[in-house]
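# Coordinates in review
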Amino acid sequence: MAHAYNLLLSFSEDVDTRGIKSITIKAKETKTIEFGIKPKYKGNVPLEIIALFEDGKGKKYEEKCEVWIEVEESAKEPPATITTPAAIATQPPSLPISAESLKEKFDFIEFIGSGAFADVYKVRIKEGEISALKIPKAATRKLRKVFIKELATWLNLRHPNILKIKDYDSHPYPYIELEYAEQSLEDLNLPLELEEAASITFYILDALRYAHSKEIYHRDIKLSNVLFVNGIPKLSDWGLSKLVSGSELSTVDFSPLHAALEFFEGKVSEKSDVFQAGIIMYEMLTGVNPFEAETMVEIERKIRFYNPPKPSEINQKAKPLDNAVMLAVEKDVNNRASIDEMLRLLADYLGITYSRALKGAAD
């Protein structure tokens with residue numbers, strides 16, 4: 001670990017700041033930085049923290065993280081308590097006051113989980129049907145914009161392996177009602193049996209092929225975004241998806257542990273989704289992520305320079321699928337397998353007939 005020079009923190013537009021100065025941190029050194037923040041909103045407010053710094057050779061780096069601050073009214077100034085993402089995941093958030101009207105339509109059964117911009121609840125509509133309800137953490141302009149973008153993309157996708165939207169609304173408080181999933185890939189005990197891992201990957205790739213036919217890339221494929229409805233794997237969370245503009249697009253948001261090299265260069269293609277599907281297949285076969293590291297810089301370094309072992313070097317049973325996995329996680333996008341090539345390889349292994357005709361007709 002090297003020294004970090006001229007480290008400067010900056011924050012998202014949801015807060016005003018004061019007293020921030022640049023500092024230098026030596027290798028293995030810990031420093032406490034004191035500064036003031038003034039939130040612009042009440043309730044749960046997103047706080048994006050961006051750290052800009054240089055190494056000894058003047059090369060610039062940037063790391064980002066996002067936390068949430070709970071802003072409450074008081075007799076004096078609104079105090080802000082920073083809560084880590086881990087704490088949020090274990091403490092079910094209360095509904096924003098402006099979202100209380102949703103209780104007229106839904107009975108809230110339990111809190112399922114929290115993402116970057118939204119919370120998800122298990123609910124029962126008044127007629128008795130169980131659903132998952134996704135609502136933004138706060139009704140700020142930024143979150144409404146993100147939420148509406150995800151909704152617009154998701155509504156355009158109808159495929160048996162894409163989680164289905166049942167209902168939605170934007171007023172008085174935005175929400176997306178989804179079919180309820182019993183669990184995600186993240187909940188399963190890994191590694192899985194080879195046939196199960198290959199089958200899940202096949203269905204997810206088929207969903208991606210359909211999305212790509214609509215000129216949509218997912219960009220955030222990971223274990224927690226593959227859900228199971230009555231045992232059927234379904235791809236969820238299209239919040240970071242992007243409409244294709246030519247053959248490339250710019251991006252700043254992604255999950256580092258599942259990111260292809262081109263994510264760090266601001267350009268992605270349909271093969272970037274193949275890479276992410278390959279990583280979750282690797283995880284299903286081995287129980288480990290090949291790029292696990294403590295910081296964004298270390299993760300990026302591993303993705304750039306580290307050649308992960310074949311799955312069979314971790315789990316000997318995985319040898320029949322080594323070739324498919326390694327073709328999917330190839331660093332060079334030109335040598336990486338296409339979705340059609342991956343589907344063909346997995347179909348051969350599973351002993352099923354693969355057709356290029358899209359199966360994603362509206363159901």
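Refer to the structure presented above.
Scoring rules and cut-offs
- Residues numbered from 1 in each chain as written.
- Predicted model: local features only at pLDDT ≥ 70, side-chain atom pairs only at ≥ 80, totals over all residues.
- Heavy atoms only, no water.
- Pairing = 2+ DSSP bridges.
- Helix = DSSP H or I, 4+ residues; strand = E, 2+ residues; numbered from the N terminus.
- Axes fitted to C-alpha atoms, helices over the stretch in contact; angles between N-to-C directions.
- Contact = heavy atoms within 4.5 Å.
- Parallel < 35°, antiparallel > 145°, perpendicular 65-115°, else oblique.
- Left-handed = near helix turned anticlockwise from the far one by under 90°.
- Nonpolar A, V, L, I, M, F, W, Y, C, P; charged D, E, K, R; others polar.
- Expected span 1.5 Å × (residues − 1).
- Buried < 20%, exposed > 50% of the residue type's maximum accessible area, 1.4 Å probe, protein only.
- Arc of directions from axis to C-beta.
- Polar contact = N/O pair within 3.5 Å; in protein donor to acceptor, adjacent residues only side chain to side chain.
- Salt bridge = Lys/Arg side-chain N within 4 Å of Asp/Glu carboxyl O.
- Core = buried A, V, L, I, M, F, W, Y, C linked by side-chain atoms within 4.5 Å.
- Domains from an automatic or database assignment.
- Phe/Tyr/Trp six-rings, centres within 6.5 Å; stacked < 30°, edge-to-face > 60°.

Turning to the sheet that holds strand β12 (residues 175-179), a few remarks are in order. The 5 strands lie next to each other as β8-β9-β10-β12-β11, forming an open sheet whose pairing is antiparallel. The open sheet has two free edges, formed respectively by β8 (106-114) and β11 (165-169), since each of these has just one partner strand. For this sheet, the mean angle separating the axes of adjacent strands, direction not counted, is 25 degrees. Pairing geometry for strand β9 (residues 118-125) and strand β10 (residues 130-136), over 7 bridges, is antiparallel. Opposite Val-123, over in β10, you have Ser-131 as the bridge partner. Set on the sheet, helix α2 (residues 141-154) makes contact with β9, β10, β11 and β12; between it and β10 the angle comes to about 140 degrees.

When two helices pack together, their arrangement is given by the angle between their axes and by how far apart the axes lie. Close contact between helix α3 (residues 194-213) and helix α4 (residues 270-286) brings their axes to 10 Å; oriented N to C, the two are set at 165 degrees. It follows that α3 is roughly antiparallel to α4 by the angle criterion. Judged by the sense of rotation from one axis to the other, the crossing of α3 with α4 is right-handed. Within the contact between the two elements, α3 uses Leu-194, Ala-197, Ala-198, Ile-200, Thr-201, Leu-205, Leu-208 and His-212 and α4 uses Glu-270, Asp-273, Ala-277, Met-281, Met-284 and Leu-285. The class makeup of the residues in the contact of α3 with α4 is 10 nonpolar, 2 polar and 2 charged.

What follows concerns helix α7 (residues 339-350). Taking 1.5 Å per residue, 12 residues should reach 16 Å; α7 reaches 16 Å between its end C-alpha atoms and fits that length. Turning to α7, its buried residues number three or more, namely Ile-339, Asp-340, Met-342, Leu-343, Leu-346 and Ala-347. Projected onto a plane normal to the axis of α7, the buried residues spread over an arc of 160 degrees and lie on a single side. Those residues of α7 hidden inside the fold are in contact with α3, α4 and α6 (322-328). Once α7 ends, the next one or two residues include Gly-351, with phi positive near 75 degrees.

In this structure, Ile-162 sits in the loop between α2 and β11. Counting along the chain gives 65 residues from Ile-162 to Leu-227, while the straight-line C-alpha distance between them is 9.1 Å. Look past the residues within four positions of Ile-162 in its chain and what remains in contact with it is Trp-154, Leu-157, Glu-179, Ala-207, Tyr-210, Lys-234, Leu-235 and Trp-238.

Before going further, it helps to examine the side chain of His-258. Along the polypeptide, His-258 turns up in the loop between β17 (242-243) and α4. There is a polar contact of 2.9 Å between the side chain of His-258 and the side chain of Glu-283. When residues no more than four places from it in sequence are discounted, the contact partners of His-258 are Ile-221, Lys-222, Leu-223, Phe-275, Gln-276, Ile-279, Ile-280, Glu-283 and Asn-289.

Here we have 3 strands laid out as an open sheet, ordered β13-β15-β16, and antiparallel in their pairing. The two strands at the open ends of the sheet, each matched to only one other strand, are β13 (183-184) and β16 (232-235). Where strand β15 (residues 226-229) lies against β16, 4 bridges are found, and the strand directions are antiparallel. Its bridge partner lying in β16, Val-229 is registered against Ile-232. Of the strands in this sheet, β15 and β16 touch α3, which is tilted by about 40 degrees from β16.

Moving on, we get to unusual backbone geometry. With an omega dihedral of 5 degrees, the bond running from Leu-190 to Pro-191 counts as a cis peptide bond. Secondary-structure assignment places Pro-191 in the loop between β13 and α3. Of note in the backbone geometry, Glu-215 takes a positive phi value of approximately 60 degrees without being a glycine.

When their charged atoms lie close together, side chains carrying opposite charge are able to pair. Taken as a whole and assessed by the stated rule, the structure comprises 12 salt bridges. The shortest N-O distance in the salt bridge between Lys-103 and Glu-100 comes to 3.3 Å. When the shortest N-O distance is used, the salt bridge between Asp-167 and Lys-105 registers 2.6 Å. Placement of Asp-167 in strand β11 and of Lys-105 in the loop between α1 (85-90) and β8 is noted, with a sequence separation of 62 residues between them. Take Asp-167: its relative accessible area is 26%, and that puts it in the partly exposed class. Note on Lys-105: relative accessible area 34%, which makes it partly exposed. By sharing partners, the salt bridges in this structure join Glu-129, Lys-166 and Glu-177 into a single network.

This part covers the nonpolar core. With 54 residues, the main nonpolar core has Leu-185, Ile-200, Leu-205, Leu-208, Trp-238 and Leu-285 as its most contacted residues. For this core, the leading source of residues is α3, giving 11 residues. There are two domains that each give this core at least three residues, and those are domain 2 (100-179) and domain 3 (183-350).

Moving on, we come to the environment of Pro-320. Position of Pro-320 among the secondary structure elements: in the loop between α5 (296-305) and α6. Residues Pro-320 and Tyr-349 lie 29 residues apart in sequence; the distance between their C-alpha atoms is 8.0 Å.

Let's shift gears to the packing of aromatic side chains. Summed over all chains, the structure comprises 5 aromatic pairs. Ring plane angle 80 degrees and centroid distance 5.3 Å describe the contact between Phe-108 and Tyr-121, whose orientation is recorded as edge-to-face. With Phe-108 in strand β8 and Tyr-121 in strand β9, this pair connects stretches of sequence that are 13 residues apart. Look at Phe-111 and Tyr-121: their rings are 5.7 Å apart centre to centre, the planes differ by 65 degrees, and that puts the pair in the edge-to-face class. Of the two residues, Phe-111 is situated in strand β8 and Tyr-121 in strand β9; the sequence distance between them amounts to 10 residues.

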